[in-house]
2 protein chains.
Amino acid sequence: MAERCGVSIDTLRYYEREGLLQNVARAESGHRRYSEDDVLWVEVLRCLRETGMSIEQLRHYCQLGAQGNHTAAERREMLTSHRTLVEAQIVERQLALKLIDHKLSYYPNPQDQENK
Amino acid sequence: MAERCGVSIDTLRYYEREGLLQNVARAESGHRRYSEDDVLWVEVLRCLRETGMSIEQLRHYCQLGAQGNHTAAERREMLTSHRTLVEAQIVERQLALKLIDHKLSYYPNPQDQENK
DNA sequence: GGTTGACCTGAAGCGCACTCCAGGTTGTTG
DNA sequence: CAACAACCTGGAGTGCGCTTCAGGTCAACC
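Predicted model only: the values in this text are computed from it and were never measured.

Cut-off values and rules
Residues numbered from 1 in each chain as written. Chains lettered and ligands numbered in written order. Predicted model: local features only at pLDDT ≥ 70, side-chain atom pairs only at ≥ 80, totals over all residues. Heavy atoms only, no water. Helix = DSSP H or I, 4+ residues; strand = E, 2+ residues; numbered from the N terminus. Rg over C-alpha atoms; globule rule 2.2 N^0.38 Å. Buried < 20%, exposed > 50% of the residue type's maximum accessible area, 1.4 Å probe, protein only. Areas by Shrake-Rupley, 256 points an atom, 1.4 Å probe, with all protein chains shown as cover. Lys, Arg positive; Asp, Glu negative; His and termini not counted. Charge placed at Lys NZ, Arg CZ, Asp CG, Glu CD. Contact = heavy atoms within 4.5 Å. Buried area = accessible area lost by both parts, 1.4 Å probe. Salt bridge = Lys/Arg side-chain N within 4 Å of Asp/Glu carboxyl O. Polar contact = N/O pair within 3.5 Å; in protein donor to acceptor, adjacent residues only side chain to side chain. Nonpolar A, V, L, I, M, F, W, Y, C, P; charged D, E, K, R; others polar. Core = buried A, V, L, I, M, F, W, Y, C linked by side-chain atoms within 4.5 Å. Near = heavy atom within 4 Å. Disulfide = S-S within 2.5 Å. Phe/Tyr/Trp six-rings, centres within 6.5 Å; stacked < 30°, edge-to-face > 60°.

Turning our eyes to something else, we now look at the overall build of chain A. Regarding its fold elements, chain A presents 4 helices and 2 strands. The order of α-helices and β-strands along chain A, N terminus first, is α-β-β-α-α-α. Against the 2.2 N^0.38 benchmark of 13 Å for 116 residues, chain A shows a C-alpha radius of gyration of 21 Å, more extended than a compact globule. Out of the 116 residues belonging to chain A, those deemed buried represent 38%. When the accessible surface of chain A is summed, it comes to about 6,800 Å², and 50% of that surface belongs to carbon and sulfur atoms. Chain A carries 16 positive and 18 negative side-chain charges, and their two centres are separated by 2 Å.

Next comes the structure, spelled out in structure tokens:
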């Protein structure tokens, strides 16, 4: 039961249904047998999901992967444009930290001040 | 029409209904008259929302603000714990960049390679 | 061999954060 | 003053990403 890559069992099956997790091996019983590669791939999925790539986009990426090497350029393009997005998120969050710190400066430790 | 703080008019009204935006002035006609402070506050809201603070939490924060100075300690606490969260998001995204770069290293510019 | 727990499926449901709609009032422009 | 845009309200609807459910199969320990 390989959900110790940090997602629920339901999420795993959901990803599989959506095509983000292909060719999961099965025992003759029908039970899934996740491989080491599956674990690594789920980590990639998580990482991309957590940084805001949609299920839809991930599905597209996986479909491209399944179609073979001639789609490499498009996949590369997806990754680079997502990379740009993640960089923007970092900048955004650094600004957020600044703003939070600014607001915190109005709350001297256990004293107070009005500022909504 | 103050949605040039980057959110839709519906979102603005939604925030108002949810109590994130209090005491919005009205003309006698009933039309809203957003103040300069409202614009600033919406920027704060956006910043906190975009970094993952929920509507529910923001509502709580606003309620505290409306209750006066004796809630300052709790508000401060909310901000500091959100700050920690944002810092974690930055770290997470920096790791994501690494992972993306690693995957990109398998896609030499317009060539290709199998790696799913 | 029975019962307890982990797994299976397809389909329905949920929570969040908006977003849209219907039906109406206001304000402004030619 | 007509007509068109911009605003108002309450309530319903939407989309996404899971999550739960019902109804069953499998495994394995006592």
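Each partner contributes to the interface: chain A provides 40 residues, whereas chain B provides 40 residues. Note on chain A versus chain B: buried area summed over both sides is about 4,000 Å², and carbon and sulfur give 64% of it. Run the count over chain A and chain B and you get 2 salt bridges. A salt bridge links Asp-101 of chain A to Arg-83 of chain B; the shortest N-O distance between them is 2.5 Å. For the interface between chain A and chain B, the tally reads 12 residue pairs in polar contact (both at pLDDT 80 or more). Listing elements by their share of the side of chain A that touches chain B, those giving two or more residues are helix H2 (36-50), helix H3 (55-67) and helix H4 (72-104) of chain A. Class assignment of the residues belonging to the side of chain A that touches chain B gives a composition of 16 nonpolar, 12 polar and 12 charged.

This next bit is on the pattern of salt bridges. On inspection of all chains with the given rule, the structure shows 16 salt bridges over all chains. Arg-93 of chain A is paired through a salt bridge with Glu-92 of chain A; the nearest N and O atoms lie 3.3 Å apart. Among the ionic pairs, Arg-46 of chain B bridges to Glu-50 of chain B, the shortest N-O distance being 3.2 Å. One end of the pair is Arg-46 of chain B and the other is Glu-50 of chain B, both in helix H2 (residues 36-50) and 4 residues apart, which spans about a single turn. Assessed through its relative accessible area of 29%, Arg-46 of chain B is described here as partly exposed.

All right, on to the nonpolar core then. Generally speaking, soluble globular proteins have nonpolar side chains that are buried together. Ranked by internal contacts, the top residues of the largest apolar core, which has 58 residues, are Leu-20 and Trp-41 of chain A together with Leu-20 and Trp-41 of chain B. Broken down by secondary-structure element, the contributors of at least two residues to this core are helix H1 (9-17), H2, H3 and H4 of chain A together with helix H1 (9-17), H2, helix H3 (55-67) and helix H4 (72-104) of chain B. Setting aside residues up to four positions removed in sequence, Leu-20 of chain B forms contacts with Tyr-15, Trp-41, Leu-45, Ile-55, Leu-58, Arg-59 and Cys-62 of chain B.

Moving on, we come to the protein's contact with DNA strand D. Taken together, the neighbourhood of DNA strand D is formed by 16 residues, with Asp-10 and Arg-49 of chain A together with Met-1, Arg-13 and Arg-32 of chain B sitting nearest. Measuring from a phosphate oxygen of DNA strand D, one finds a side-chain N or O atom of Tyr-15 of chain A at 3.0 Å. In the model, a phosphate oxygen of DNA strand D is placed 2.8 Å from a nitrogen or oxygen of the Arg-49 of chain A side chain. For the surface near DNA strand D, the element with the most residues is H1 of chain A, which contributes 4 residues. A per-class count over the surface near DNA strand D returns 4 nonpolar, 7 polar and 5 charged.

Residues and elements named next belong to chain B. In this structure the tally under the stated criterion is 0 disulfides over all chains. Free of any disulfide, Cys-5 has its nearest cysteine sulfur in Cys-47, 14 Å distant. Among the residues examined, Cys-5 registers a relative accessible area of 8% and is labelled buried.

Residues and elements named next belong to chain A. Throughout the structure, instances matching the rule amount to 4 aromatic pairs over all chains. Each ring, one from Trp-41 and one from Tyr-61, has its centre 6.3 Å from the other, and the planes form 15 degrees; the classification is stacked. With Trp-41 in helix H2 and Tyr-61 in helix H3, this pair connects stretches of sequence that are 20 residues apart. The burial state of Trp-41 is the same as that of Tyr-61; both residues are buried.

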